[in-house]
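# Overview (structure and organization)
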Amino acid sequence: MAQRPIITLTSDFGLRDHFVGTVKGVILNIVPEAEIVDLCHSVAAFDVLDGALTLAAAYSYFPAGTVHMVVVDPGVGSARRPLVATTERYEFVAPDNGVLSLIYRREERLRVHWASAQHYFLRPVSQTFHARDIFAPVAAYLAKGVAPAKFGEEISDFVRLDLPRPQRLDNSSLRGTVLKADHFGNLLTNITPQEAPVLLQPGSAGLRILVGEREVAGLKTSYADGAAGEVFGIVGSMGYLEIVANQASAAQILGAGKGCNVDLVLSRPAVAG
Amino acid sequence: MAQRPIITLTSDFGLRDHFVGTVKGVILNIVPEAEIVDLCHSVAAFDVLDGALTLAAAYSYFPAGTVHMVVVDPGVGSARRPLVATTERYEFVAPDNGVLSLIYRREERLRVHWASAQHYFLRPVSQTFHARDIFAPVAAYLAKGVAPAKFGEEISDFVRLDLPRPQRLDNSSLRGTVLKADHFGNLLTNITPQEAPVLLQPGSAGLRILVGEREVAGLKTSYADGAAGEVFGIVGSMGYLEIVANQASAAQILGAGKGCNVDLVLSRPAVAG
Amino acid sequence: MAQRPIITLTSDFGLRDHFVGTVKGVILNIVPEAEIVDLCHSVAAFDVLDGALTLAAAYSYFPAGTVHMVVVDPGVGSARRPLVATTERYEFVAPDNGVLSLIYRREERLRVHWASAQHYFLRPVSQTFHARDIFAPVAAYLAKGVAPAKFGEEISDFVRLDLPRPQRLDNSSLRGTVLKADHFGNLLTNITPQEAPVLLQPGSAGLRILVGEREVAGLKTSYADGAAGEVFGIVGSMGYLEIVANQASAAQILGAGKGCNVDLVLSRPAVAG
């Protein structure tokens with residue numbers, strides 16, 4: 001039996017209005033057998049980086065052939081282009097504003113087309129709801145098997161955002177930043193073990209972690225390792241350093257959130273390896 | 001291949017409790033192959049008009065044959081009737097409180113049945129959760145192919161709500177109202193180009209827009225046309241005048257929301273056309 | 001036609017992050033034809049009892065064969081065991097922390113297996129996201145037809161939580177507690193007609209209901225029976241006494257919520273029956 005097409009939706013639409021429902025209607029009208037999966041609709045409003053992070057955390061767990069539609073689109077109605085990006089396993093539909101940047105960085109086989117063929121759009125195209133009029137029908141026709149090249153010319157000058165990278169302050173310290181606070185109050189940072197190998201050694205006596213001016217407990221392996229009220233670091237499920245607490249909100253305890261500095265300081269030279 | 005039945009759900013249940021999940025279980029127990037689509041569950045609590053607007057914005061994008069179930073039901077447990085409404089392309093299941101008023105107004109071919117045949121209900125019928133005990137099973141049996149007339153007699157005295165209409169204050173001004181603020185803080189009004197043809201002419205020098213006492217910038221074509229912090233009007237994707245800002249919340253900037261007056265004033269007679 | 005497998009999801013993940021989307025991806029990657037149903041993702045964070053109540057309210061409405069996955073998991077990364085529980089009609093996947101306690105109590109045919117067979121897990125297993133790495137794949141393989149015994153040994157020492165039970169204060173009064181406030185501000189209590197048969201007699205003149213120190217109106221049959229602003233009791237759709245108001249929030253009017261005392265007092269001996 002041929003597998004039904006799967007389309008995921010990621011947006012900053014929230015769930016208060018008809019937006020998500022309308023988009024699903026448009027898709028099902030074109031490809032009624034599609035399975036539509038809400039990846040997340042609570043991306044921070046207009047926050048392209050937050051959309052990129054949300055998508056990057058989840059997309060690779062889906063079956064090959066999945067179409068991922070991502071609409072965080074502060075430039076709706078302007079000249080920014082709608083895109084179809086194709087990787088080895090997936091197809092992506094999104095505005096050309098960098099929301100696919102982490103896909104571009106991680107995927108080796110990548111082709112990007114400018115979706116300009118208007119006969120795939122809903123007509124008339126509104127100036128304010130391209131998710132309904134452009135992105136949803138393009139995603140639906142992709143899921144139905146229309147080849148990416150049918151939607152428009154291949155391009156290479158698509159927008160790539162730079163994720164904020166940790167900075168080395170000196171030989172023994174690294175400064176990262178909080179990318180977001182999640183539902184549980186965990187603070188996701190941009191620091192990975194690749195940039196700070198000391199993170200691979202939980203319990204390392206030499207490692208100090210500061211969030212803003214405030215020092216938290218060192219690195220542990222799981223939430224359950226923390227004492228009540230203690231704030232500490234773990235390497236989380238996405239591979240980034242997270243500042244967390246055991247059954248409590250680190251964000252609330254620290255009064256910290258997106259954009260806060262997170263410093264790793266080695267009080268003595270790290271041992272080799 | 002026969003298309004699987006599609007059922008959409010619109011309610012004021014929110015997502016904090018088991019209500020939506022329970023309704024889905026009831027439907028799937030009757031028609032396991034159904035595709036259930038959440039249209040929106042964040043209609044303002046007990047707000048029949050808000051439910052009517054949410055449904056009206058989305059329903060027509062779905063494939064023909066879709067069953068739309070709408071439960072905003074402040075009168076649950078009272079004598080208000082459960083309805084099955086049938087139009088050319090869709091079937092609707094809802095309480096008889098006016099939540100289908102915009103459907104009644106827009107659809108030419110319309111038949112309404114009072115769903116009174118209790119053998120389609122879950123028994124015993126609770127006094128507080130008719131979505132589970134009455135509306136969900138009726139929607140499921142409809143999706144399964146049971147004819148509307150099987151559920152009860154056809155009626156014509158169903159409840160129709162009047163949407164608040166804009167009022168002409170004098171020859172050169174029109175007063176509308178804010179119907180709702182959406183997730184982005186856009187203020188949806190009840191004014192359309194049909195009632196105010198000047199809205200078809202963005203950039204019209206003569207048009208002033210006031211929200212309460214406060215004048216905002218004139219009419220533009222898209223969000224992207226607004227300067228930072230500027231509040232202005234657009235004709236939105238639903239065909240109504242909306243008061244918006246570019247990547248910001250007009251509701252927050254103005255401190256305005258549902259029920260605020262919105263006045264259109266022509267400072268000189270409109271040109272013909 | 002063989003019925004497609006249905007998997008429901010209940011969690012405290014909220015909808016702000018990628019968590020729910022990622023879990024769905026993992027499931028669909030293993031069993032692409034599965035129908036995934038969100039039962040509720042707004043269980044109070046780390047609140048196992050709230051998860052148990054949410055699941056208990058909804059699970060039995062689903063078709064036989066449904067797999068219910070429940071992840072409220074404050075002990076993630078600790079030694080608590082992942083479980084597969086099997087009843088006459090359903091399969092459950094959850095951490096062994098008592099979140100299935102109401103299932104254990106209600107279902108007569110029950111077998112519980114410790115899901116320890118790591119070849120069903122995603123590898124490497126993170127310390128912080130077992131929903132993705134353990135529970136989702138186990139649920140998916142169950143839905144695909146893998147027998148519960150394949151996941152690990154049968155056990156009988158699984159964790160059972162005691163739901164708070166009402167206490168008899170004296171011959172004429174019973175003290176219960178508020179289990180939760182729902183989206184509408186209804187206060188769900190732990191008192192049922194089994195424990196307080198007087199609840200089966202709405203309008204009983206002798207029954208007084210107090211929430212904390214404050215007396216509310218007596219027992220009615222439906223929301224619609226209440227006057228504006230009046231707070232009163234009903235036996236709700238889950239079979240528990242609820243403290244409610246007609247189109248208003250009892251929680252807000254009373255300033256009451258989870259954990260508040262609710263006293264039933266009979267001002268004279270109840271009549272027989």
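## Let's talk about the relation of the copies chain A and chain C
Between chain A and chain C, which share one sequence, the superposing operator has a rotation angle of 120° and an axial displacement of 0.0 Å; the RMSD is 0.0 Å. Both copies are brought into coincidence by an operation consistent with a three-fold rotation axis. Considering only C-alpha atoms, the part of chain A nearest the rotation axis is A:Glu35, at 4.9 Å. Little of the interface of chain A is mirrored in chain C, where only 6% of its interface residues are also at the interface.

## As for the interface of chain A and chain C
Facing the 33 residues of chain A at the interface are 31 residues of chain C. Per-residue buried area on chain A facing chain C is highest for A:Tyr61, A:His183 and A:Phe184; these three make up 24% of the total on that side. The tally of links between chain A and chain C comes to two salt bridges. For the salt bridge of A:Lys180 with C:Asp17, the shortest nitrogen-to-oxygen distance reads 3.0 Å. Where the side of chain A that touches chain C is concerned, the elements lending two or more residues are strand S2 (35–40), helix H2 (48–58) and strand S9 (173–181) of chain A. Among the elements that take part in the side of chain A that touches chain C, S2(A) stands out by supplying five residues, more than any other. Taken together, the residues of the side of chain A that touches chain C break down into 17 nonpolar, ten polar and six charged.

## Let's talk about the environment of A:Asp170
All names here are of chain A. With respect to the element layout, Asp 170 can be found in strand S8 (residues 167–170). Look at Asp 170 and you get partly exposed, because its relative accessible area is 41%. For the pair Asp 170 and Val 265, spaced 95 residues apart in the sequence, the C-alpha separation amounts to 9.4 Å. Within the structure, Asp 170 has its side chain in polar contact with the backbone nitrogen of Ser 172 (distance 2.8 Å). There is a polar contact of 2.9 Å between the side chain of Asp 170 and the side chain of Ser 173.

## Quick word on the interface of chain A and chain B
With 31 residues of chain A at the interface, the matching set in chain B holds 33 residues. Between chain A and chain B lies a buried interface of about 2700 Å² when both sides are counted; carbon and sulfur atoms form 60% of it. When the buried area of chain A at its contact with chain B is split by residue, A:Arg16, A:His18 and A:Thr128 rank highest and sum to 21% of it. Linking chain A with chain B are two salt bridges, by the criterion used here. Counting across the chain A and chain B interface gives eleven residue pairs in polar contact (both at pLDDT 80 or more). If you tally residues by element for the side of chain A that touches chain B, the top one is helix H1 (residues 19–30) of chain A, at eight residues.

## Details of the side chain of B:Asp38
Looking at the secondary structure, you find B:Asp38 in strand S2 (residues 35–40). A distance of 2.8 Å separates the side chain of B:Asp38 from the side chain of B:Lys24, its partner in a polar contact. Filtering out sequence-adjacent residues up to four positions away, B:Asp38 remains in contact with A:Gly21, A:Lys24, B:Leu9, B:Val20 and B:Lys24.

## Quick word on the sheet that holds strand S3 (residues 67–71) of chain C
Residues and elements named next belong to chain C. One open sheet holds the seven strands; their spatial order is S2-S1-S3-S5-S4-S6-S7, and the pairing between them is mixed. Looking along the sheet, the strands with just one partner apiece sit at the ends: strand S2 (35–40) and strand S7 (154–155). Examined bridge by bridge, strand S6 (residues 111–114) and S7 share two bridges and lie antiparallel to one another. Opposite Val 112, over in S7, you have Ile 155 as the bridge partner.

## Remarks on the sheet that holds strand S7 (residues 154–155) of chain A
Residues and elements named next belong to chain A. Spatially, the seven strands line up as an open sheet ordered S2-S1-S3-S5-S4-S6-S7, and their pairing is mixed. Every interior strand has two partners, whereas the edge strands, S2 and S7, have only one. Sitting on the sheet, helix H4 (residues 130–143) is in contact with strand S1 (6–11), strand S3 (67–71), strand S4 (82–86) and strand S5 (91–95), with an inclination near 170° to S3.

## A few points about H4(A)
Residues and elements named next belong to chain A. Here H4 contains 14 residues, and its C-alpha end-to-end distance of 18 Å stays within 8% of the 20 Å for a straight helix at 1.5 Å per residue. The largest bend in H4 amounts to roughly 30° and is located at Ala 136, with the proline Pro 137 lying one to four residues further along. In terms of burial, H4 is a largely internal element, 13 of the 14 residues being buried. Remark: Gly 145 follows H4 within two positions and exhibits a positive phi of approximately 110°.

## Side note on the confidence of the model for chain A
Predicted confidence across chain A gives a mean pLDDT of 93, with 97% of residues reaching 70 or more. Confidence estimates for the predicted assembly give a pTM of 0.95 and an ipTM of 0.94.

## So, the pattern of salt bridges
Tallying each qualifying case throughout the model produces 42 salt bridges over all chains. Two residues, B:Asp157 and B:Arg81, come together in a salt bridge whose shortest N-O distance is 3.2 Å. Residue B:Asp157 is found in the loop between strand S7 (154–155) and strand S8 (167–170), and its partner B:Arg81 is found in the loop between strand S3 (67–71) and strand S4 (82–86); the two are separated by 76 residues along the sequence. B:Asp157 sits in the exposed class, given a relative accessible area of 52%. Judged by relative accessible area, B:Arg81 falls into the buried class, the value being 15%. For the salt bridge of C:Lys180 with C:Asp50, the shortest nitrogen-to-oxygen distance reads 3.8 Å. Taken together, the residues C:Lys180 in strand S9 (residues 173–181) and C:Asp50 in helix H2 (residues 48–58) connect sequence positions 130 residues apart. Three or more residues joined by partner-sharing salt bridges are found here, namely A:Arg4, A:Glu35, B:Arg4, B:Glu35, C:Arg4 and C:Glu35.

## A short note on the pairing of strand S14 (residues 241–245) of chain B
All names here are of chain B. Among the five residues of S14, five are classified as buried, and the element is accordingly described as predominantly covered. Side-chain alternation along S14 places Leu 241, Ile 243 and Ala 245 on one buried face and Glu 242 and Val 244 on a second face that is also buried. Relative to S14, strand S10 (residues 187–189) runs antiparallel, the two being bridged by two bridges. Note that in S14 the partner of Leu 188 across the bridge is Glu 242. Pairing between strand S13 (residues 231–235) and S14: five bridges, direction antiparallel. Note that in S14 the partner of Val 235 across the bridge is Leu 241.

Calculation rules
- Residues numbered from 1 in each chain as written.
- Chains lettered and ligands numbered in written order.
- Predicted model: local features only at pLDDT ≥ 70, side-chain atom pairs only at ≥ 80, totals over all residues.
- Heavy atoms only, no water.
- Least-squares fit on C-alpha atoms with pLDDT ≥ 70 in both.
- Contact = heavy atoms within 4.5 Å.
- Buried area = accessible area lost by both parts, 1.4 Å probe.
- Salt bridge = Lys/Arg side-chain N within 4 Å of Asp/Glu carboxyl O.
- Helix = DSSP H or I, 4+ residues; strand = E, 2+ residues; numbered from the N terminus.
- Nonpolar A, V, L, I, M, F, W, Y, C, P; charged D, E, K, R; others polar.
- Buried < 20%, exposed > 50% of the residue type's maximum accessible area, 1.4 Å probe, protein only.
- Polar contact = N/O pair within 3.5 Å; in protein donor to acceptor, adjacent residues only side chain to side chain.
- Pairing = 2+ DSSP bridges.
- Axes fitted to C-alpha atoms, helices over the stretch in contact; angles between N-to-C directions.
- Expected span 1.5 Å × (residues − 1).
- Bend = angle between axes of the 7 residues up to and from the residue.
- pLDDT = per-residue confidence, 0-100.

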